[in-house]
Each structure stands twice: as C-alpha cells, then as structure tokens.
Amino acid sequence: MIGYGNFLSLNGSGDMVLISSNFIMARSKHHFEIDAGIDYRFNMQAFIPGESVWPLFNLGYRYQKDKGGLLFRTGIGWPDGLFLGLGFTF
C-alpha cells in the first residue's frame with residue numbers, strides 16, 4: 001500500500017508518504033491484520049524542520065464477511081495510535 005497525506009502533531013505539521021505491506025489472517029469472518037512499512041515525512045513546519053523516516057506498524061482486528069456487507073476494524077499502531085473503522089464491502 002502506498003499513501004500520501006498531511007499530518008498535524010504537537011511538534012508541527014507537514015506532508016507524509018506511507019509505504020507498507022498488509023497481511024490479513026482469516027478465520028471465517030474474524031481476521032487478524034498486521035501492517036508494516038515506513039513513514040517518510042517532509043516539508044515539516046516543526047521545532048526541527050526537515051525530513052525524517054519512521055517505522056510504520058499496526059496490529060488489528062477486522063470483522064468482514066466473505067460475501068460483503070459490514071466491515072469493522074480496530075487496532076493500535078504507529079503513527080496512527082488507536083484506530084477504528086466502519087464501512088461496507090461488496
């Protein structure tokens with residue numbers, strides 16, 4: 001997965017590119033997911049301006065039926081902290 005976005009923290013703000021690999025282990029409709037990669041931050045307006053590279057990782061639980069419908073996910077990681085998601089699949 002490759003993503004681009006902006007971040008805002010207590011230390012400042014800037015742009016970031018996330019590059020990661022996702023692994024989903026399924027047992028019926030209950031899934032365990034792992035996400036690992038790098039978080040590249042640049043154009044930082046912070047106490048220490050410049051660029052930085054951080055590790056990216058998430059551990060989570062996902063409820064998703066094979067034939068579509070409700071998707072629920074939650075977990076913890078870096079840089080997201082705690083996360084919660086709700087959606088619909090088809």
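Here, the structure is the one placed above.
Rules of the game
Residues numbered from 1 in each chain as written. Predicted model: local features only at pLDDT ≥ 70, side-chain atom pairs only at ≥ 80, totals over all residues. Heavy atoms only, no water. Helix = DSSP H or I, 4+ residues; strand = E, 2+ residues; numbered from the N terminus. Rg over C-alpha atoms; globule rule 2.2 N^0.38 Å. Contact = heavy atoms within 4.5 Å. Areas by Shrake-Rupley, 256 points an atom, 1.4 Å probe, with all protein chains shown as cover. Salt bridge = Lys/Arg side-chain N within 4 Å of Asp/Glu carboxyl O. Buried < 20%, exposed > 50% of the residue type's maximum accessible area, 1.4 Å probe, protein only. Pairing = 2+ DSSP bridges. Polar contact = N/O pair within 3.5 Å; in protein donor to acceptor, adjacent residues only side chain to side chain.

Peer 1: It is not clear to me how the overall build of the protein chain should be interpreted in this structure. Could you clarify?
Peer 2: Looking only at helices and strands, the protein chain features zero helices and six strands. Its C-alpha atoms give the protein chain a radius of gyration of 15 Å, clearly above 12 Å, the size a compact globule of 90 residues would have. Its C-alpha atoms give the protein chain principal-axis dimensions of roughly 45 × 20 × 20 Å. Considering only intrachain contacts with a sequence separation of at least 6, the fraction spanning at least 24 residues in the protein chain is 30%. For the protein chain, the accessible surface area stands at approximately 6500 Å², while carbon and sulfur atoms represent 66% of it.

Peer 1: Explanation requested: the pattern of salt bridges in the structure shown.
Peer 2: Oppositely charged side chains are able to pair whenever their charged atoms sit close together. Within this structure, the stated rule accounts for three salt bridges. A salt bridge links glutamate 33 to arginine 73, with the nearest nitrogen and oxygen atoms 2.5 Å apart. Here arginine 73 lies in strand β5 (residues 69-78) and glutamate 33 lies in strand β3 (residues 30-46), a separation of 40 residues in the sequence. Classification of glutamate 33 by relative accessible area gives buried; the value is 8%. Residue class for arginine 73 comes out partly exposed when judged on its relative accessible area of 27%. Between aspartate 39 and arginine 41 there is a salt bridge, with the nearest N and O atoms lying 3.0 Å from each other. Here the two residues aspartate 39 and arginine 41 agree in accessibility, since each one is buried.

Peer 1: Mind showing me how you'd approach the pairing of strand β6 (residues 81-89) here?
Peer 2: On any regular strand, side chains alternate: one points to one face of the sheet, the next to the other face. When β5 meets β6, the two strands line up antiparallel, connected through nine bridges. Its bridge partner being in β6, phenylalanine 72 is matched across the sheet by leucine 86. From the end of β5 to the start of β6, which pair antiparallel, there are two residues.

Peer 1: Help me understand the side chain of histidine 31 in this model?
Peer 2: Locating histidine 31 in the fold gives a position in strand β3. Polar side-chain contacts of histidine 31 include one of 3.2 Å to the backbone oxygen of lysine 29. Setting aside anything within four residues of it in sequence, one finds histidine 31 in contact with Ile24, Met25, Ala26, Gly60, Tyr61, Arg62 and Gln64.

Peer 1: Explanation requested: the pairing of β5 in the structure shown.
Peer 2: Relative to β5, strand β4 (residues 52-64) is paired through eight bridges, and the arrangement is antiparallel. Its bridge partner lying in β5, phenylalanine 57 is registered against tryptophan 78. Here β4 hands over to β5 after four residues, with glycine 68 in that stretch at a positive phi of 95°.

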